[in-house]
Amino acid sequence: MSLELIAALLVLGACTGYLAGLLGIGGGMVLTPFLTLILSMAGVPDAVVVHAAIATSLSTILFTSLSSVRAHNSRGAVLWKVVLWLAPGILVGAALGAKISSLLPTFWISIVFAAFVGFSALKMFLNAKPKPTRQLPATPGLFGAGTGIGAVSSLVGAGGGFISVPFMVWCNVPMHKAVGTSAALGFPIAFAGTLSYIWAGWGNPELAGTEHMLGYIHWPALLSVAAMSVLTAPLGAKTAHSIDTKPLKRIFACLLLCLATYMLVRAFILNDSLRRPHCVHKPPSSQAP
């Protein structure tokens, strides 16, 4: 892998880490479109490049969630009992989401990702918040909720905050505790999803001959992005306490809409490229004089 691409990954990790700390969002929705471009340049085949980008994005949460949880837990904002209730369903759902992703062609996984990012961006732009109307469900209900959160998060390579936070707020969990608890849920989502993406991509003939792959995960990209995002996330969090982030969230929502549009356009381009027959030019056979 060239030094230029490694440098691009380090810059990407630094930016997404800072944004995650500044705006309180996961970096997966930003990482995946850019990773799709960078991994394509690194030689990952078009047929699986979106899968690899999503899997690699999800695996970075293994590292970034730990520093985030430590910060939230120090402020008493993590409801560990809720984490324990949701975690079993999340593990099942994250594994299921990775398996579904591996079965979907590049076109459809790109469409699903773009739809999720576009929906999340509209919610952020409108500052839509659910009205708390009930309490958290009993254990079976939490298992079902965890399964849904884990499946969608693993499918799109995100930490689950855009699903788990509204769910907990809707169930009358205070916002700061919903955010802290959601941060703690990022690790089991990433853990189950990462293992499943490694398993699903292991031995995939589409990846034969592609360097630096661990299943669907591009490990140099994982290490480069994770190393920088862990360093810059605390800086973003520190900045967030000194400025009003509401205008920035609307600007970021516009960026997400642009990225969702990019993934849609790229989905159709890749689909057209993969469906177009590759003709092999054969030189005319020599004729005997």
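Just so you know, these numbers come straight off a predicted model, no measurement behind them.

**Looking at the overall build of the chain**
Each helix and strand in the chain was counted, giving 10 helices and two strands. Written out in order from the N terminus, the α and β elements of the chain read α-α-α-α-α-α-α-α-β-β-α-α. The proportion of buried residues among the 289 residues of the chain is 48%. For the chain, restricting intrachain contacts to residue pairs at least 6 apart in sequence, the fraction spanning at least 24 positions comes to 81%. As presented, the chain carries roughly 14200 Å² of accessible surface, and 70% of it is formed by carbon and sulfur atoms. Charge centroids of the chain, computed over 17 positive and 6 negative side chains, lie 21 Å from each other.

**Describing the state of the cysteines**
Counting across every chain of the model gives zero disulfides. C15 carries a free sulfur, and the closest cysteine sulfur to it, the one in C258, is 16 Å from it. Of all cysteine sulfurs, the one in C254 lies closest to C258, which takes part in no disulfide; the gap is 7.1 Å. The exposure class assigned to C258 is exposed, which follows from its relative accessible area of 52%.

**Things to note about the packing of helix α4 (residues 80-103) against helix α8 (residues 175-201)**
The geometry of a pair of packed helices is captured by two quantities: the angle between their axes and the separation between those axes. As a packed pair, α4 and α8 sit with axes 8 Å apart at the nearest point and diverge in direction by 30°. In terms of axis orientation, α4 runs roughly parallel to α8. Seen from above, α4 lies across α8 with right-handed handedness. Taken together, the residues of α8 that come into contact with α4 (itself represented by W80, V82, V83, L86, I90, L91, A94, A95, G97, A98, S101 and S102) are T181, A184, L185, P188, I189, F191, A192, G193, S196, Y197 and A200. Here the residues of the contact of α4 with α8 sort into 17 nonpolar, six polar and no charged.

**Some details on α8**
For α8, built from 27 residues, the straight-helix expectation of 39 Å at 1.5 Å per residue is met to within 8% by its first-to-last C-alpha distance of 37 Å. Of the residues trailing α8, G203 is marked for its positive phi of about 80°.

**Topic: the environment of V117**
Following the sequence through the fold, V117 ends up in helix α5 (residues 106-126). If we skip the residues at most four places from it in the chain, V117 touches M29, L256 and A260.

**Digging into unusual backbone geometry**
Located in the positive-phi region is N172, a residue other than glycine, with phi close to 70°. Looking at the secondary structure, you find N172 in the loop between α7 (161-170) and α8. Residue class for N172 comes out partly exposed when judged on its relative accessible area of 36%.

**Focus: the confidence of the model for the chain**
In the predicted model, the chain carries a mean pLDDT of 83, and 90% of its residues have values of at least 70. Every residue in residues 278-289 scores below 50 in pLDDT, and together they form one contact with partners more than four places removed in sequence or on other chains.

Reading the values: rules and limits
- For every chain, the first residue of the written sequence is number 1, and numbering continues from 1 onward in sequence order.
- Reporting of local features is limited, given that this is a predicted model, to residues whose pLDDT is at least 70; pairs of side-chain atoms are given and counted only at 80 or more, and all residues count toward the totals for whole chains, interfaces and linings.
- Side-chain metrics rest on all non-hydrogen atoms present in the structure, leaving aside hydrogens and water.
- Working definition: helices are DSSP H or I runs of at least four residues, strands are E runs of at least two. Numbering for both runs from the N terminus.
- The buried label goes to any residue with under 20% of its type's maximum accessible area, the exposed label to any with over 50%, and the partly exposed label to all in between, with areas taken from a 1.4 Å probe on protein chains only.
- Two residues form a contact once any of their heavy atoms are found within 4.5 Å.
- For every accessible area listed, the method is Shrake-Rupley and the probe measures 1.4 Å; residues are considered covered only by the protein chains on display.
- Here the positive residues are Lys and Arg and the negative ones are Asp and Glu; neither His nor the chain ends is included.
- To locate a charge, take atom NZ for lysine, CZ for arginine, CG for aspartate or CD for glutamate.
- Throughout, disulfides are identified as pairs of cysteine sulfur atoms within 2.5 Å of each other.
- Axis definition: a line fitted to C-alpha atoms, over the contacting stretch in the case of helices. Angles run 0 to 180 degrees between N-to-C directions.
- Put simply, angles under 35 degrees are roughly parallel, angles over 145 are roughly antiparallel, angles from 65 to 115 are roughly perpendicular, and the rest are oblique.
- Put simply, a crossing is left-handed when the front helix is turned counterclockwise from the back one by less than a right angle, and right-handed when it is turned clockwise.
- Classification convention: Asp, Glu, Lys, Arg as charged; Ala, Val, Leu, Ile, Met, Phe, Trp, Tyr, Cys, Pro as nonpolar; all other residues, Gly among them, as polar.
- Working rule for helices: expected span equals 1.5 Å times residues minus one.
- Think of pLDDT as the predictor's per-residue confidence, scored from 0 to 100.

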